[in-house]
Amino acid sequence: MGRNRSESSATMASIQSTAAASSSSVSMGGMMMNSSDMALYDIPLTSPSQQASSTNFEQLLHDLQSTSVDPRSVRKAACCAALIETVQERRQKNQNQQQQGGVGVSPNELFLATLAALTSLQGTLEQQVKQLRNDSTDGNNSSSNEVETTALPLLEILRQILPYVAHPSNNHGALLLHQFGTVSRMLRMFVALGYAYTASSSSSTGTKKDNAATSSGANALLRQILKTTTMLLLIAPPSSSSASTNTQESEKEMAKLLHATIIRMFQDVRPKVRKAAFGCAMDVVIVASSSSSSSSSSSSNSSPLVQQRKVIADFLWEYCHAVITQYKSSGSKKNKNDSSSSSKNLIHILRLLSTALPYADDVRIRVRFGDDCLALMGGGGEGGEVSMEVIRETLITLLSCLEKGEEDNNDGLLSSSMEDQEVGTKGTTTAKEEEEISKFAARALAFLLQHRPNAANSSFSSAGDVNVVYGRCLMGCVERMLVRTGDESTLASKMLAMKLFPNVLTSILHLCDEAAEGDDGGAINSAEMCGTEFNQFVSRMIPIVTSYFSPDGTNSSNNNLQRVALEAISNCVDIIRQALKIQYRNAWGNILPGGYATFTSTLALNLLEMRGGGGGNSELEGKLQTWLKELVVSLLRLRDDVEKDGTARTAVEYATSTVMRGMGLELFLSLVDFTDDHVDIGDKKKKSLNTESGGGLWWLLPLMKQSASADASALASSSSITTKSHLSFFQGRVLNLARRCDAASADGHRTAAEASIQKQRVVEVWSLLYYFCLHPIDMKENFAAVAKTVVKALGDHSRYPKLVPVICGSLKSLAVGVTGRAEANLSTEATEDLEVLSNVSTKILPSLFKLVETLNESQNTNSADDMDTDDKSSKEKQAIRQQNMQLVEAVTDTIGQLAQICPPEFLQNLFKKVVQRLLVTTTDAGDNEGDKSSKDTQALRMCSLLGLGQALVASGSLDDNSVSLLYRAVRPLVRSDEHDSRVQKRAYKVFAAICEKHKEFVTSEERLNEMTDLMVDSIVTCQVSARHMRLKCMTYIVQGFDSSNQAHMAVIPKIMGEVLLCLKDSNGKTREAAYQLLLEMAVARDDMTDYFKIILAALGAQTSHMRSAAVMALSRLTFEYARNDMTVQSLLPSLMQTVAFLFDDSSREVTKSVIGFVRVCVAAMSPDQLEPLLPEVVGGIMKYNKGRDRFRAKIKIILKKLVRVYGYDTIGPLVPEKDSRLITHMRKLSERSARRKAAGLQDGQSVANNFDDMMESDEDDSDDGRTFMTGVTGFTKMTSMTGKSMKSAKNKSVVSGARSTMTGKSVKSTSGPRIKAELQGEILDMLDASKMAKSVRFADSNMDDNDFSDDDEMDDMQFDNQGRIIISDGLQKVSGDKGAVDDFDSDDDDENLQLKAGGGKRRRVSKFESVKVEKAERDAANARKQSKQSKKPASSIGSAYKSKKAGGDVKKKGQKYEPYAYVPLNAKDYSKKNRSNAVSKMGTVVRSNKRKR
């Protein structure tokens, strides 16, 4: 015995020294309660394989000795190493084991060593506790260190090795069974030590820090004991003896350990310890449940270990039941309130049960605790009151009893509170258990309906949660009773559930009423929460109840279910309508679009399915129809009642829209009557429709239109029953409504406003055609009749022009849907519908063709009357022309879609007529020399015919012969410029459509050469407006070129001049098309050297326009190909030398192009390529410094790039002497930037990857748009366009500017200022007053002058953030900036100004910036002067009575009246402009605290 004690002491000393050394450099981290490892729990249940167990244990030892950054792993590894060393030393002392010196450590040896170390440590800790009780502060830190460095690692090691000690291969865990009592006593003693540490630290006189450390160590110790205890209880082997006495003793010892550790800590005041105890209890329940289910599935007889685990779990259930029973029995003895210990104990147990009950392995356990919960809610059986907090936790626990766990096939409708757990039961319930849980649900439902908690009158802060949980419990009871499937035993519960269903729905709805009491935000939130539960109940339960509407005639029980279900739904209709009462107003925004709309939509779906399936019950359909009408009409009436309540009106309209989408517009319209019932039918002057703008049900039309558009997404799922409709309904019901509106608009007794309203309603009613075209099911019977009506409606486009896009869009949608369903082969009906549409399209297409001609003729009529001197009339006609153009586009799109499905013979004939008319019109236009009106008429007719041809080509339905015919007809229009420019532009559009849709036709050898010659020969006759489409045609043609064909390659030089000139076109689309054609020609040429030579030839052009365009082309090609094409990369030095000859060109546009080219090449060329050219490049760009001020920002960017690559020592000597100060200034700013970068203030880097940005922008593309000047001022061209003041930019410090840039979003640079109207490439007509009014803004008189930027192009023209031109008073600006103009032309030596910076430092500014910095300084000085003037106190009211020596008023000699203040009521003083002055005057009389407004 003495030898064992000495070995334990030696082991303990070794562990303590090793752990102390390892923890000397690390601190103890917080120990968190982790989820148990199921693999460890399953080890004792595995097959007794010695080799597998040994291998796993060796891996465990390796893991225990491995370290990481976690201090706990370091201490655990140190303790494990010390234990292994102790085991090896013990082996060496034992002579019998010397021959096994090479064998690894066994689980039993490590277990005994750990147990001995813990026993020794226990004595040490007991002595330290005694020191703490004697107020010895020296032992405070030592005790905490002992716990952290030794106790916690040893307990964790013991926890992980216990499964291997209990493994069946290890003598069936005999050693652990023998030492179980010792380990149990040791753990219980450690628990006592943990609580003793806590008590001693609270009463100790040591420092607060030491006491906190001791308390933290005790908490960690208790949590680790809980984990170790849980492992011991779950893996301890059962007694091998068959005697019941030994089994009882073993269970008694386990119960003692369970109560002394886990159960004891259920009531711990420390949340972490209590949470850890709950977690361990959950592990016990989950492992016991999973073990029993797996054992039952594998064999009929459960193993003893599984039975033992169930016994431990039963101990927990019994303890929880005892706590509840004790609380109930104490109801008449003392008052239970939230602060009592018994209530807190009960609440803790209820929270544990709410988490653990879904994992109970026996349904009877849940039923038992469910009955306990019902007893608690009933007052405990002794008449005592139960607090609201206890009721809430009781309801949550009851909900857990009702929830479906995994043993119920995991098909529960309710969300389980343990759904995130990875472990659960996997069994299935028996029929007896099904019956038992159903009976309990019935008892619980009856009890809950009779004992609803009165949370509204409670002062409990979470009273709203009580109502929510109560509603969930009701839903859980109904779910348990309804969704069960099985034998006749569950039929009674289903019948009872459906009988009580209306009562449950009423109770849940009334929760919203209780929660809505009060006007505060909490009441509204509570009402919304209860409304959500109402919605959940309706959405989950109503489909189950309505599923019994279709009975089985051979089964009487199913017929009874149908009868009860119909009675329940009939009662529910009245209950649902109660939700429209005013007391539920706070919940309307939730329950109307949710529960109310869902209930209505569910009934509608049942009705639609009965109608669609055929053979339905007509009586049932009639009932559903009646119920739906009551629900819909009640909702619509509510909207009239809350007309003036915006919030309620929005909720009702949203609910109505939801109902529309849920039942479909056809069914909805069949339930709604738009007529005015208050009008006498016999009155000849009756108004059949309500003429008020907001009266009647006409507010539904916009909602229906929106719903029809939303249903387009449902077209993909053609099986959706709500998208299926009948064209006959539209023809009979909807169009009848449109006819009545049209007749009302023509009634002479109506005012113009009323007639306009009726016309608008006609269009809104017709917009519903889109919905009926989504998936019509009666195409074969009724589409022909609808088509006739549609054609007539299109003929009335003069009165209803808005009908044209509505009808065309509907026909297009119909064609797309029918074609898609036919191609998918969904049914034979889809193929028949396609045939019907194809046949009827032969009647629709001619009308559409005629409509196009009519619309174009109406444009010509309006153009002929443009000589009208009335400006308003001219604007109206222009608007009509624009509208007609849009209508023509909509019609042509529909023609293109219908052309794909119409009969080919008909399409060919129709196409030939179009071409024939086009030829006749072209001939007449060539022979006609009449007036302008006749020429315009013929031009418009030609444009319409060309548009029709383009639509047919775009449809892809024409054969090669038809395309060839159209090509021959259009070719003369391209060659000639005798016709209007619109004709040629439209002809090029037709060519582009042919090239895009019929590439084989274009790429044929004969046709390609012909079209190439046509494009080359027609360059002289090309109109300006047709350039864009012409370039697109040429792009398609070039794509068909063959690089080996010399004839094709010879075309490129012929068209190169036109392409280069188009690069400088004023239209943005034309420029972009020219660039794309330039790149396509490079691909077709396939020889970049020859291609560059062709472009370089343009450098010798006589005009600067062509030279500039050639340089821009070189820049774009370099930008696109230099990074990837080595040929282009090798050509860059020679290109640079060639372009360098243009440095002396005096043209500004050439200068701009050359600088852009240099900027691109500097970024693309390698340093070795560029270095020999540095003198030529630097000297060339510095020539533009004087007299080319608008390019100096770009020059600085180029210099900055060169300096970044080659350094200041290389670039400095190349700069002319007169500009040497620029390099000096750049060097200083670079050094300052380096210091800022070292301080962590460097801006984010970004590279400009857009060609337009690099060519046009003056922003540096390598520092996020911050140039050297803007690095100081924080002001750039991009910020000047946003209206930012220069004064605010100057006053902004460098550090703040850097921070704002680091945190701000990157701004997408633009290609320069652009008028808003020209953003799409269109040219702004400045003679058009209507367009100029939208594109021009006059500067305010007090607007800051913010034209200061690096780009001088911005000096003459300014733009606001919407792209409008800002026009300021030029004379005032010149007079105010006279000094700046003089300084602008002064000598460079006078441009070195000293600017004050923050902190008294002075800073030099380069001469490029000096003029504008000086201007900014003057502006800032003026702003400060104005601010000082504005801050001067206003003339004091009653100043004659103010004392000069003290505060307050004084009456002076000669003053007749007492001190007073007179404030005149002048309306001008309280205008927006003078309001601040009036307030300041008031401030001299009345004191007020300054605060932000």
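Summarised in this report is the structure supplied together with it. (Residues numbered from 1 in each chain as written. Predicted model: local features only at pLDDT ≥ 70, side-chain atom pairs only at ≥ 80, totals over all residues. Heavy atoms only, no water.)

### Examining the pattern of salt bridges
Considering all chains together, one arrives at 30 salt bridges under this definition. For K328, the salt bridge identified is with D372, shortest N-O distance 3.5 Å. One end of the pair, K328, is in helix α11 (residues 304-329); the other, D372, is in helix α13 (residues 363-377), with 44 residues separating them in the sequence. Overall, the relative accessible area of 6% leaves D372 in the buried class. The salt bridge involving D362 is made with R364; its shortest N-O contact spans 2.7 Å. Looking at R364, the relative accessible area reads 53%, which means it is exposed. Salt bridges sharing common partners tie together R351, E389, R392 and E393. (Salt bridge = Lys/Arg side-chain N within 4 Å of Asp/Glu carboxyl O. Helix = DSSP H or I, 4+ residues; strand = E, 2+ residues; numbered from the N terminus. Buried < 20%, exposed > 50% of the residue type's maximum accessible area, 1.4 Å probe, protein only.)

### A closer look at the side chain of Q122
As for its placement among the helices and strands, Q122 is situated in helix α5 (residues 107-133). Residue Q122 is classed as buried on the basis of its relative accessible area, which comes to 12%. The contact partners of Q122, leaving out residues within four places of it in the chain, are M186, M189, F190 and L193. (Contact = heavy atoms within 4.5 Å.)

### Some remarks on a positive patch on the surface
Residues R739, K788, K792 and K843 make up a contiguous surface patch of positive charge. Position of K788 among the secondary structure elements: in helix α28 (residues 779-795). The exposed category is assigned to K788, whose relative accessible area is 55%. (Patch = residues over 30% accessible without salt bridge, like charges linked within 9 Å, V, L, I, M, F, W, Y side chains within 5 Å. Areas by Shrake-Rupley, 256 points an atom, 1.4 Å probe, with all protein chains shown as cover. Lys, Arg positive; Asp, Glu negative; His and termini not counted. Charge placed at Lys NZ, Arg CZ, Asp CG, Glu CD.)

### Concerning helix α49 (residues 1220-1238)
The terminal C-alpha atoms of α49 lie 28 Å apart, and with 19 residues this matches the ideal 27 Å at 1.5 Å per residue to within 8%. Of all the positions in α49, only L1222, I1223, H1225, M1226, L1229 and R1236 are classed as buried. The arc enclosing the buried residues of α49, seen along the axis, measures out at 160°, which places them on a common side. Summarising the geometry of α49, the exposed residues directed more than 90 degrees from the buried face are R1235 and A1238. (Expected span 1.5 Å × (residues − 1). Arc of directions from axis to C-beta.)

### Regarding the environment of L768
Inspection of the secondary structure puts L768 in the loop between α26 (752-766) and α27 (769-772). The exposure class assigned to L768 is buried, which follows from its relative accessible area of 2%. Separated by 102 residues in sequence, L768 and E666 have C-alpha atoms that sit 9.7 Å apart. Not counting residues up to four positions away in its chain, the partners in contact with L768 are L665, L669, M704, K705, F730 and V734.

### Describing the packing of aromatic side chains
One pass over the full model with this rule turns up 11 aromatic pairs. Seen in terms of ring centroids, F501 and F537 are 5.1 Å apart; in terms of plane orientation they differ by 25°. Their pairing is stacked. Placement of F501 in helix α17 (residues 491-515) and of F537 in helix α18 (residues 521-546) is noted, with a sequence separation of 36 residues between them. With respect to burial, F501 and F537 carry one shared label: buried. Relative to F772, the ring of Y771 lies with its centre 5.3 Å away and its plane at 85°, an arrangement referred to as edge-to-face. F772 matches Y771 in its accessibility class, with the two residues each being buried. In this structure, R264 packs its charged tip against the face of Y195, placed 4.2 Å from the ring centre. In this structure, R1123 packs its charged tip against the face of F1119, placed 5.3 Å from the ring centre. (Phe/Tyr/Trp six-rings, centres within 6.5 Å; stacked < 30°, edge-to-face > 60°. Lys NZ or Arg CZ within 6 Å of the ring centre and 35° of its normal.)

### Quick word on helix α41 (residues 1088-1096)
Every buried residue of α41 is accounted for by M1088, Y1091, F1092, I1094 and I1095. Mapping the buried residues of α41 onto a view down its axis gives an arc of 155°, with all of them on the same face.

### Details of the nonpolar core
Judged by nonpolar contacts, the single largest core of 381 residues is most densely connected at F266, L700 and W766. Of all the elements, helix α10 (residues 271-298) adds the most residues to this core, at 12 residues. Beyond its immediate chain neighbours, meaning those up to four positions away, L700 contacts L636, T656, M660, F668, V672 and F674. (Core = buried A, V, L, I, M, F, W, Y, C linked by side-chain atoms within 4.5 Å.)

### What about the state of the cysteines?
Applying the stated criterion across every chain, the model contains 0 disulfides. Of all cysteine sulfurs, the one in C995 lies closest to C1033, which takes part in no disulfide; the gap is 5.2 Å. Here C1033 falls in the buried class, since its relative accessible area comes to 1%. (Disulfide = S-S within 2.5 Å.)

### So, unusual backbone geometry
Positioned with a positive phi, N171 is a non-glycine residue whose angle comes to about 55°. Turning to its location among the elements, N171 is positioned in the loop between α6 (138-165) and α7 (174-203). The exposure class of N171 is exposed, given its relative accessible area of 55%. The phi torsion at D1086 lies on the positive side, around 60°, for a residue other than glycine. Mapped onto the fold, D1086 is located in the loop between α40 (1068-1085) and α41. Judged by its relative accessible area of 59%, D1086 falls in the exposed class.

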